[in-house]
Amino acid sequence: MVPALKVEATRLPKTISLSCANCRWPCALFEISLQDSPVRGDFIRSVSFIPRQIIFEQGEIHEGCYLICDGWVLLRVRTATGRLLVVDIAGPGKLIGIGSLLKQSRHEVSAQALTEVRARHLTRTVVEQILQEPSVLTSRLLQVVARQVKWIRRQSQILAHRASVRERLAALLLELCHRYGTKLESGVTRIEPRLSVTLLAEMLDSNRGTVSEELSELRQRGLVTCVQGQVVILDETRLQKLAENVF
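Rules behind the numbers
- Residues numbered from 1 in each chain as written.
- Predicted model: local features only at pLDDT ≥ 70, side-chain atom pairs only at ≥ 80, totals over all residues.
- Heavy atoms only, no water.
- Pairing = 2+ DSSP bridges.
- Helix = DSSP H or I, 4+ residues; strand = E, 2+ residues; numbered from the N terminus.
- Axes fitted to C-alpha atoms, helices over the stretch in contact; angles between N-to-C directions.
- Contact = heavy atoms within 4.5 Å.
- Salt bridge = Lys/Arg side-chain N within 4 Å of Asp/Glu carboxyl O.
- Buried < 20%, exposed > 50% of the residue type's maximum accessible area, 1.4 Å probe, protein only.
- Polar contact = N/O pair within 3.5 Å; in protein donor to acceptor, adjacent residues only side chain to side chain.
- Core = buried A, V, L, I, M, F, W, Y, C linked by side-chain atoms within 4.5 Å.

## A word on the sheet that holds strand β8 (residues 110–113)
Part 1 of the argument: Taken in spatial order, the four strands of this open sheet run β3-β8-β5-β6, and their pairing is antiparallel. What marks the edges here is a single partner per strand, and that holds for β3 (54–56) and β6 (84–90). Strand-to-strand twist of the sheet, defined as the mean angle between neighbouring strand axes without regard to direction, takes the value 30°.
Part 2 of the argument: Where strand β5 (residues 73–78) meets β6, six bridges bridge the pair, whose relative direction is antiparallel. Bridge pairing links Arg-76 to Val-86 in β6.
Part 3 of the argument: Together, β5 and β6 form the strand contacts of helix α4 (residues 197–204), whose direction differs from that of β6 by roughly 105°.

In structure tokens, the structure reads:
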């Protein structure tokens, strides 16, 4: 059985920032003071999850949303035929449970920790305050939601496209590169979350064997390489050309 999440609740004085000690941009709470937020005297909870821990399940009632401080979370959806598909990987500065900000009653996806995760839990009461009293924080959170909805739509487009697995894999790696890539001194770009072949297969609605073969082909062509579980984009221009049929 997965251990329950660890919670530390802190009453916030009106004179301090809402952000945690290690907060950094693009976190929506970065340098946000109580004067920039409608939240007054509510509990903001710091929570943590271990790898593979379920944070919430598809269909469960919303209890607010989570703003990720550190770590990576998989967002999955179960289709009508029972298949599990990864529709997003959420990292630092991203929100999960965004349906609560859209006033949905139940989660449309499931969330599972890919790594150790630290997050801030905005309860449903806090979310309601944020929505009812527009502020700097409201604007930031809605911008985060808009970016994530755009990504999920693009991911859905990759899933549904009739292009080959190789072309869709190239498109997926480019999207992850643009979203979570770190430029290295050598000029190449490393995708930060570790991407197993199984995970890539879930993101492409394909089987593990096929994705493994196509990833090997991309490596042989000199388009990508893998270093300790992280994909490194070696030739973005050629990868883009391969993916041009998808978008």
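Having put the structure on the table, let's press on.
## Here we look at the pattern of salt bridges
Part 1 of the argument: Applying the stated criterion across every chain, the model contains nine salt bridges.
Part 2 of the argument: Across the pair Glu-217 and Arg-221 runs a salt bridge, and its minimum N-O distance is 3.1 Å.

## Topic: the environment of Leu-200
Part 1 of the argument: Relative to the helices and strands, Leu-200 is located in helix α4.
Part 2 of the argument: Leu-200 sits in the buried class, given a relative accessible area of 0%.
Part 3 of the argument: Along the chain, Leu-200 and Leu-172 lie 28 residues apart, while their C-alpha atoms are 8.6 Å from each other.
Part 4 of the argument: When residues no more than four places from it in sequence are discounted, the contact partners of Leu-200 are Leu-169, Leu-172, Leu-173, Leu-195, Val-211 and Leu-215.

## With respect to unusual backbone geometry
Peptide bonds are trans in most cases, and residues, glycine excluded, mostly fall at negative phi.
Part 1 of the argument: Its identity as a non-glycine residue notwithstanding, Arg-52 has a phi of 80°, on the positive side.
Part 2 of the argument: Phi is positive for Gln-228, which is not a glycine, with a value near 50°.
Part 3 of the argument: The topology assignment puts Gln-228 in the loop between β12 (224–227) and β13 (230–233).

## As for the side chain of Gln-230
Part 1 of the argument: Relative to the helices and strands, Gln-230 resides in strand β13.
Part 2 of the argument: Take Gln-230: its relative accessible area is 12%, and that puts it in the buried class.
Part 3 of the argument: From its side chain, Gln-230 meets the backbone oxygen of Glu-192 in a polar contact 2.9 Å long.
Part 4 of the argument: In this view, Gln-230 contacts Arg-190, Ile-191, Glu-192, Arg-194 and Thr-225; residues no more than four positions away in its chain are not counted.

## What about the environment of Glu-175?
Part 1 of the argument: Along the polypeptide, Glu-175 turns up in helix α3 (residues 165–180).
Part 2 of the argument: A C-alpha to C-alpha distance of 8.5 Å links Glu-175 and Arg-154, two positions 21 residues apart in sequence.
Part 3 of the argument: A polar atom in the side chain of Glu-175 sits 2.6 Å from the side chain of Arg-154.

## Re the environment of Leu-169
Part 1 of the argument: When you line up the elements, Leu-169 lands in helix α3.
Part 2 of the argument: Along the chain, Leu-169 and Val-246 lie 77 residues apart, while their C-alpha atoms are 9.9 Å from each other.
Part 3 of the argument: Apart from the residues lying within four places of it in its own chain, the contact partners of Leu-169 are Leu-200, Leu-204, Val-211, Glu-214, Leu-215 and Leu-218.

## Things to note about the nonpolar core
Part 1 of the argument: Counting residues in hydrophobic clusters, the biggest one holds 36 residues, and the most contacted among them are Ile-89, Leu-173, Leu-176, Leu-195, Val-224 and Leu-239.
Part 2 of the argument: When sequence neighbours within four positions are dropped, the list of residues in contact with Leu-173 reads Ile-191, Leu-195, Leu-200, Leu-215, Leu-218, Val-224, Val-231, Ile-233 and Leu-239.

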